[in-house]
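Each chain, letter by letter, is given below.
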Amino acid sequence: MKEFGYQRVLDVSEAIAVLGADPDARFLGGGTNLVDLMKTGIERPGRLVDVRELPLDRVEVTPDGGLLIGATVTNSDLAAHPEVRRRYPALAQAVLAGASGQLRNMATVGGNLLQRTRCGYFTDAAGPCNKRLPGSGCPAIEGEHHNHAILGASGHCVATHPSDMGVALAAFDAVVRYETADGPGELPLADFYLPVGDTPHLETALPSGALITGVTLPPAPVAAHSRYRKVRERASYAFAIGSIAAALDVRDGVVHEVRLAFGAVASRPWRALEAERALTGGPATAEAFAAAADAELAAAEALHHNGYKVPLMRNLVVALLTELAEEAAR
Ligand SMILES: Cc1cc2nc3c(=O)[nH]c(=O)nc-3n(C[C@H](O)[C@H](O)[C@H](O)COP(=O)(O)OP(=O)(O)OC[C@H]3O[C@@H](n4cnc5c(N)ncnc54)[C@H](O)[C@@H]3O)c2cc1C
Ligand code: SF4
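Conventions and cut-offs
Residues numbered from 1 in each chain as written. Chains lettered and ligands numbered in written order. Predicted model: local features only at pLDDT ≥ 70, side-chain atom pairs only at ≥ 80, totals over all residues. Heavy atoms only, no water. Near = heavy atom within 4 Å. Polar contact = N/O pair within 3.5 Å; in protein donor to acceptor, adjacent residues only side chain to side chain. Areas by Shrake-Rupley, 256 points an atom, 1.4 Å probe, with all protein chains shown as cover. Helix = DSSP H or I, 4+ residues; strand = E, 2+ residues; numbered from the N terminus. Nonpolar A, V, L, I, M, F, W, Y, C, P; charged D, E, K, R; others polar. Pairing = 2+ DSSP bridges. Right-handed = clockwise from strand over helix to strand, strands pointing away. Patch = residues over 30% accessible without salt bridge, like charges linked within 9 Å, V, L, I, M, F, W, Y side chains within 5 Å. Salt bridge = Lys/Arg side-chain N within 4 Å of Asp/Glu carboxyl O. Core = buried A, V, L, I, M, F, W, Y, C linked by side-chain atoms within 4.5 Å. Buried < 20%, exposed > 50% of the residue type's maximum accessible area, 1.4 Å probe, protein only. Contact = heavy atoms within 4.5 Å. Axes fitted to C-alpha atoms, helices over the stretch in contact; angles between N-to-C directions.

Draft legend 1. Just the site of ligand 1, in detail. Taken together, 32 residues lie near ligand 1, and Arg26, Phe27, Thr32, Thr108 and Asp164 sit nearest. In this structure, an oxygen atom belonging to ligand 1 sits 2.7 Å away from a side-chain N or O atom of Arg26. One of the backbone nitrogen or oxygen atoms of Gly30 is found 2.7 Å away from an oxygen atom of ligand 1. Protein contact buries 93% of the 980 Å² of open area that ligand 1 shows by itself. Elements represented by at least two residues in the shell around ligand 1 include exactly strand E2 (25-28), helix H2 (34-39), helix H7 (109-113) and strand E8 (211-217). For the shell around ligand 1, the class distribution of residues is 15 nonpolar, 12 polar and five charged.

See below:
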């Protein structure tokens, strides 16, 4: 492991100044992804700027009835927060579905958004990988890709984004807030992750040196009727092979509003806008849910070993929306 310096910062302007003065420095949240990647030489910062003592550790209800979630709120505190559980239950469930209790106690919201892909070629420093070493190739396409992307990928990279939390945030139109030396900025989550194209090494639209300060969730009454479901290869803890965040408002058997986002199928949390369009204003039936899933998944491009994700996601959509519709009818 490369030697590195360590510095704890206590306010936001200090954090930005320290990072700005050292191009080799990186922010450190809980360290549960960055430090792992440093151990294998995939990440090689010269200095870690620890942001966990910054005053960004609160979840607050905003005046318009949404939520502001600080960047250093731990995954455990986020999932346990009563307003998150009441207003956006799928978010609490998504966070609890990720990692283990010990990891969630350390992992932060900012770090969760910026965690790197779990593609095995990306984490193998000895081999090629376009995301790690631009232009070196993508061995996953002809190799091991059973858990890789079926939506929005490219011939340059087919990796998936591993965050569970991000899937629920995508369903609820989250906005990422950040601070730079030039002042504050914000990015809707839909624009935060860049399309893969031929630049898979460029993952987000976050300006260089920016500190994520928090995430806002606009008010969304439909989110109170939401759920997260994750399919994984073992029950204890594991990354998703497919997941879904869904919220549904049904009135007199008709879909008034629906939110759907998919996880583990694309390089970013995947908002299923085609499915939402297909459902809104129509009947809340299993047939309609299946047709909406098919509309979304029509764009899927499976490789040799990940085609199972298409029926998996279809079944998840039908199962979860049916549950939510039955609850609405009670
Ligand atoms: C065994 C294991 C199992 C896991 N299982 C799951 C799972 O099932 N689902 C899931 O979603 N996740 C899972 N994770 C991943 C875990 O959720 C992430 O490691 C964690 O969320 C990262 O948060 P962190 O605060 O530790 O980030 P760090 O590791 O500290 O940082 C990650 C990245 O974010 C940057 N960063 C951190 N904070 C900021 C900030 N405020 N502003 C700008 N940049 C910042 C860092 O520089 C770094 O690039 C698992 C991890 C492990 C080790
Ligand atoms: S899928 Fe992406 S991360 Fe994995 S080997 Fe290919 S380029 Fe690298």
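Having seen the model, we can carry on.
Draft legend 2. Seen up close, the pairing of strand E3 (residues 47-50). In the sheet, strand E1 (residues 5-8) pairs with E3 via four bridges, with the strands oriented parallel. Residue Tyr6 lies in a different strand from E3, and its bridge partner there is Leu48. Where E2 lies against E3, four bridges are found, and the strand directions are parallel. Paired with Phe27 across the bridge in E3 is Val49. Read as a crossover between parallel neighbours, the route from E2 over H2 to E3 is right-handed.

Draft legend 3. Just a nonpolar patch on the surface, in detail. Where nonpolar side chains cluster on the molecular surface, the patch consists of Met1, Phe4 and Tyr6 and spans about 330 Å² of accessible area. With respect to the helices and strands, Phe4 occurs in the segment before E1.

Draft legend 4. Highlighting the nonpolar core. Among the nonpolar cores identified, the biggest contains 56 residues, and Leu91 and Leu113 are the most heavily contacted of them. Ranked by residue count, the leading element in this core is helix H8 (residues 165-171), at six residues. If we ignore the near neighbours within four places in the chain, the residues touching Leu113 are His161, Met165, Leu169, Val176, Leu189, Phe192, Tyr193, Ile212 and Val215. Judged by nonpolar contacts, the second largest core, of 31 residues, contains Ala272, Ala284, Ala288 and Ala325.

Draft legend 5. Summary view of the sheet that holds E3. Spatial strand order, E1-E3-E2: three strands in an open sheet with parallel pairing. Strands with a single pairing partner mark the edges of an open sheet, and in this sheet they are E1 and E2. When the angles between neighbouring strand axes are averaged without regard to direction, this sheet yields 25 degrees.

Draft legend 6. A look at the side chain of Glu43. Within the secondary structure, Glu43 is located in the loop between H2 and E3. Contact partners of Glu43, with chain neighbours within four places excluded, come to Arg26, Leu34, Leu37, Met38 and Arg116.

Draft legend 7. Spotlight on the environment of Val49. Structurally, Val49 can be placed in strand E3. You can call Val49 buried: its relative accessible area is 0%. In sequence terms Val49 and Ala15 are 34 residues apart; their C-alpha atoms lie 7.1 Å from each other. Filtering out sequence-adjacent residues up to four positions away, Val49 remains in contact with Gln7, Val9, Ala15, Val18, Leu19, Ala25, Arg26, Phe27 and Leu28.

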